[in-house]
Amino acid sequence: SVRASLEGDWALRLGTTELALDQVDLGLAVEPGAVHAEITAWALAAGAACEVKVALPALTASVGLVPGSSLAVRTLVQALMPAEVVVPAAAPAILIHAFALAAQPRDGTFSLAASTADLWTLPFGRGLALGKLELALAASKNGEQVAPSGSLAGTLALGGGELTGA
């Protein structure tokens, strides 16, 4: 079994977005008949600290925000979309506080979880706000069928009270 770590300051361009890679860890293990590898990288993307993992031969991959990091939806849209796509100035400043995406292509499964911690005042009504959202999406393959699932939960603030539901 071998482990190696590289630290540096590498800039990778992904379309219009620059990915600032600062550390890569590599682990290799050899067993009779199989070589296992795991690569973990930490980077700054669209202003957020991220962790990316890939494992072979299992062919699993994951990407997520590093705990304590957040990602502005406006910044994410600007980084991923063509310049013609603009978030309206009046749109609320939504911060994603937790994000995790995992995929196992050989098994035909994936999962995504994201959450926000803020409430955003709605432009109508009086004292209305929405936020503290939690989104979960998943899909798994059962034979030839794909079984998707998902949930969305959040909080609606009315005056001084809050209602939370899914």
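Remember, predicted model here, so these are calculated numbers, not experimental data.

Caption draft 1: Representation of the confidence of the model for the chain. Residues at a pLDDT of 70 or more form 99% of the chain, whose mean pLDDT is 88. The least confident element of the chain is helix H1 (residues 73–80), whose mean pLDDT is 81; the most confident is strand E5 (residues 60–65), at 95.

Caption draft 2: Structural context of the pairing of E5. Examined bridge by bridge, strand E4 (residues 48–56) and E5 share 6 bridges and lie antiparallel to one another. In the strand pairing of E5, Ala55 is matched with Thr60. Counting the residues in the hairpin turn of E4 and E5 gives 3 residues, including Leu59, whose phi is positive at 55°. Relative to strand E7 (residues 95–104), E5 runs antiparallel, the two sharing 4 bridges. By the bridge assignment, Ser62 is partnered in E7 with Ala102.

Caption draft 3: Highlighting the pattern of salt bridges. Under the counting rule described, the total for this entry stands at 2 salt bridges. Here Arg13 ties to Glu18 by a salt bridge, and the two come within 3.9 Å at their closest N and O atoms. With a relative accessible area of 55%, Arg13 lands in the exposed category. Glu18 sits in the partly exposed class, given a relative accessible area of 46%. Taking the shortest distance from any N to any O, the salt bridge between Glu162 and Lys132 comes out at 3.3 Å. In this pair, Glu162 sits in strand E12 (residues 161–165) while Lys132 sits in strand E10 (residues 128–142), placing the two residues 30 residues apart along the sequence. On the accessibility criterion, Glu162 (44% relative accessible area) is partly exposed. Taking the relative accessible area as the measure of exposure, Lys132 reaches 33% and is therefore partly exposed.

Caption draft 4: Fine view of the environment of Leu71. Counting through the fold element by element, Leu71 comes out in strand E6 (residues 71–72). Measuring from C-alpha to C-alpha, the distance between Leu71 and Ile94 comes to 8.4 Å, with 23 residues separating the pair along the chain. Beyond its immediate chain neighbours, meaning those up to four positions away, Leu71 contacts Ala45, Ala46, Ala48, Leu65, Leu76, Ile94, Leu95 and Ile96.

Caption draft 5: Representation of unusual backbone geometry in the model. Across the junction of Leu56 and Pro57, the peptide omega takes the value 5°, indicating a cis bond. Considering the arrangement of structural elements, one finds Pro57 in the loop between E4 and E5. At Lys132, a residue that is not glycine, the phi angle is positive and equals roughly 50°.

Caption draft 6: Inspection of the pairing of strand E3 (residues 34–45) at higher detail. By the bridge criterion, 12 bridges tie strand E2 (residues 17–31) to E3 in an arrangement that is antiparallel. What sits directly across from Gly27, in E3, is Glu38. Where E2 hands over to E3, the hairpin turn is made up of 2 residues, of which Gly33 adopts a positive phi near 85°. The pairing of E3 with E4 spans 9 bridges and is classified as antiparallel. For Ala45, the partnering residue across the bridge sits in E4 and is Ala48. Between E3 and E4, which pair antiparallel in sequence order, lie 2 residues; one of them, Ala46, sits at a positive phi of approximately 50°.

What counts and what doesn't
Residues numbered from 1 in each chain as written. Predicted model: local features only at pLDDT ≥ 70, side-chain atom pairs only at ≥ 80, totals over all residues. Heavy atoms only, no water. pLDDT = per-residue confidence, 0-100. Helix = DSSP H or I, 4+ residues; strand = E, 2+ residues; numbered from the N terminus. Pairing = 2+ DSSP bridges. Salt bridge = Lys/Arg side-chain N within 4 Å of Asp/Glu carboxyl O. Buried < 20%, exposed > 50% of the residue type's maximum accessible area, 1.4 Å probe, protein only. Contact = heavy atoms within 4.5 Å.

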